[in-house]
Every structure is written in C-alpha cells, then in structure tokens.
Amino acid sequence: MRIPIWDLIAAPAAIGPYSQGIKAGGMLFCSGCVPLDPATMRVVEGGVEAQTEQALKNLKAVVEAGGSTLGKVVKTTVFLKDMNDFVTVNGIYSKFFGDHKPARSAVEVARLPKDVLVEVECIANLSN
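Per chain, the residues get numbers from 1 upward, laid out in the order the sequence is written. Totals for whole chains, interfaces and linings use every residue, but because this is a predicted model, local features are given only for residues with pLDDT of at least 70 and side-chain atom pairs only at 80 or more, for both listing and counting. Side-chain numbers come from the whole structure's heavy atoms, not from hydrogens or water.

As named in an unreviewed UniProt entry, the chain is Translation initiation inhibitor, taken from Amanita thiersii Skay4041. UniProt, in the comment section headed Sequence similarities (unreviewed entry), describes the chain in these words: "Belongs to the RutC family." UniProt positions are given in the numbering used here, feature names are shortened, and annotations may be inferred rather than shown by experiment.

Structure (structure tokens):
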C-alpha cells in the first residue's frame, strides 16, 4: 500500500516517480531519504553533520507515517559521498537509533540526488 504524501507532514515530498514508503508482507520499505528541509525542499546547509541529521529526521518521519518506529527498523543502508565521513555519520546515526542496532550497510557512492553528502533508506517491521 502506498503511503500518501499528505500523511508525511514532517518529511519532504518525493523528488521523483517513487513512493516514500511501501507496506508489504508486514514490513515497511522506505526509499532513501536525503537531507531536504520539508518546508523549503532545499538541501540543508552545514555540511555532513547537518545533512545526516536532516536525512535521519526525514527517515523517521516516513517510518512513523508508515505506522512503525525507528525501534522496529531491521535494516538500513547509508549512502555516503565520502567514506571519510563515516565516523561523523555514525555518531549522529547512533543518536537516532540509541541502543537499537539494525543491520546496516554503508557505501560510498559517486553521486547522490541533488549532490547531497548522505542518503539513508531502511526496512522496518510493522508488528511488535
């Protein structure tokens, strides 16, 4: 089932022909979230720290709009423009997930949408 954008008040609209989240088989599959400010649809300023914070806020908003929580996330993928930012991103990521530690991949990529520095996607459980 597609999650309508009007339910995602705290997250920016999709920037392409895709859904921010799809529910299937008791799971929520969330598309990659980039660090766009939902109010302006512009990339936040402040480097990788600010971008990671915003991308994770956007991911949290999509997960919650889809009926789950960050505590039910089972898998994330972090896409980095520069793997040298790995430690910085980890610090911010750990604040969002706390003691919950989903399986995760982190990869360096040549380029991300809107030339952002970080993008995060996830799969979350919908049941307890």
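That shown, we press on.
Before going further, it helps to examine the overall build of the chain. A tally of regular secondary structure across the chain gives two helices and five strands. The helix count covers DSSP runs of H or I at least four residues long, the strand count covers runs of E at least two residues long, and both are numbered beginning at the N terminus. Helices (α) and strands (β) of the chain occur, in sequence order from the N terminus, as β-β-α-β-α-β-β. Relative to the 2.2 N^0.38 estimate, which gives 14 Å for 128 residues, the radius of gyration of the chain is 14 Å and therefore close to what a compact globule would have. Seen along its three principal axes, the alpha-carbon backbone of the chain occupies a region of about 35 × 30 × 20 Å. Categorising residues by exposure relies on relative accessible area from a 1.4 Å probe, with only protein chains included: less than 20% of the type maximum marks a residue as buried, more than 50% marks it as exposed, and the intermediate range marks it as partly exposed. For the chain, the residues scored as buried account for 38% of the 128 residues in total. Residue exposure ignores everything except the shown protein chains as possible cover, and the areas themselves are Shrake-Rupley values with a 1.4 Å probe. As presented, the chain carries roughly 6700 Å² of accessible surface, and 55% of it is formed by carbon and sulfur atoms. Residues scored as positive are Lys and Arg, those scored as negative are Asp and Glu, and His as well as the terminal groups of each chain are ignored. Every charge is mapped onto a representative atom, which is NZ of Lys, CZ of Arg, CG of Asp or CD of Glu. Computing the positive centroid from 13 side-chain charges and the negative centroid from 13, the chain places the two 5 Å apart. We compute the radius of gyration over the C-alpha atoms and compare it with the globule rule, which gives 2.2 Å times the number of residues raised to the power 0.38.

The next point concerns the pattern of salt bridges. Salt bridge criterion: a side-chain nitrogen from Lys or Arg within 4 Å of a carboxyl oxygen from Asp or Glu. Enumeration according to the criterion identifies two salt bridges in this entry. One salt bridge in this structure joins lysine 60 and glutamate 64, with 2.8 Å as the shortest N-O distance. Highlighted residues: lysine 60 and glutamate 64, both in helix H1 (residues 47-65), separated by four residues, approximately one helical turn. On the accessibility criterion, lysine 60 (32% relative accessible area) is partly exposed.

Right, let's get into the state of the cysteines. Only a pair of cysteine sulfur atoms within 2.5 Å counts as a disulfide in this structure description. With the rule as written, the count across this model stands at zero disulfides. No disulfide involves cysteine 33; its nearest neighbouring cysteine sulfur is the one of cysteine 30, lying 6.6 Å away. With no disulfide of its own, cysteine 122 lies closest to cysteine 30 among cysteine sulfurs, the gap being 3.9 Å. By relative accessible area, cysteine 122 is classed as buried at 3%.

Another point: the sheet that holds strand E2 (residues 27-33). Any two strands between which DSSP finds at least two bridges are classified as paired. If you trace the five strands from one edge of the open sheet to the other, you get E1-E2-E5-E3-E4, paired in mixed fashion. Only two strands of the sheet have a single neighbouring strand rather than two, namely strand E1 (21-24) and strand E4 (103-108). Averaged over all pairs of adjacent strands, the angle between strand axes in this sheet comes to 10°, irrespective of strand direction. As paired strands, strand E3 (residues 73-80) and strand E5 (residues 118-125) are joined by seven bridges and run antiparallel to one another. When the bridges of E5 are listed, valine 78 appears paired with valine 120. Any pair of residues with heavy atoms lying within 4.5 Å of one another is described as a contacting pair. Where helices are involved, their axes are fitted lines through C-alpha atoms of the stretch in contact, as for all axes, and angles between N-to-C directions lie from 0 to 180°. The sheet strands contacting helix H2 (residues 86-97) are E3 and E4, and the helix crosses E3 at an angle near 150°.

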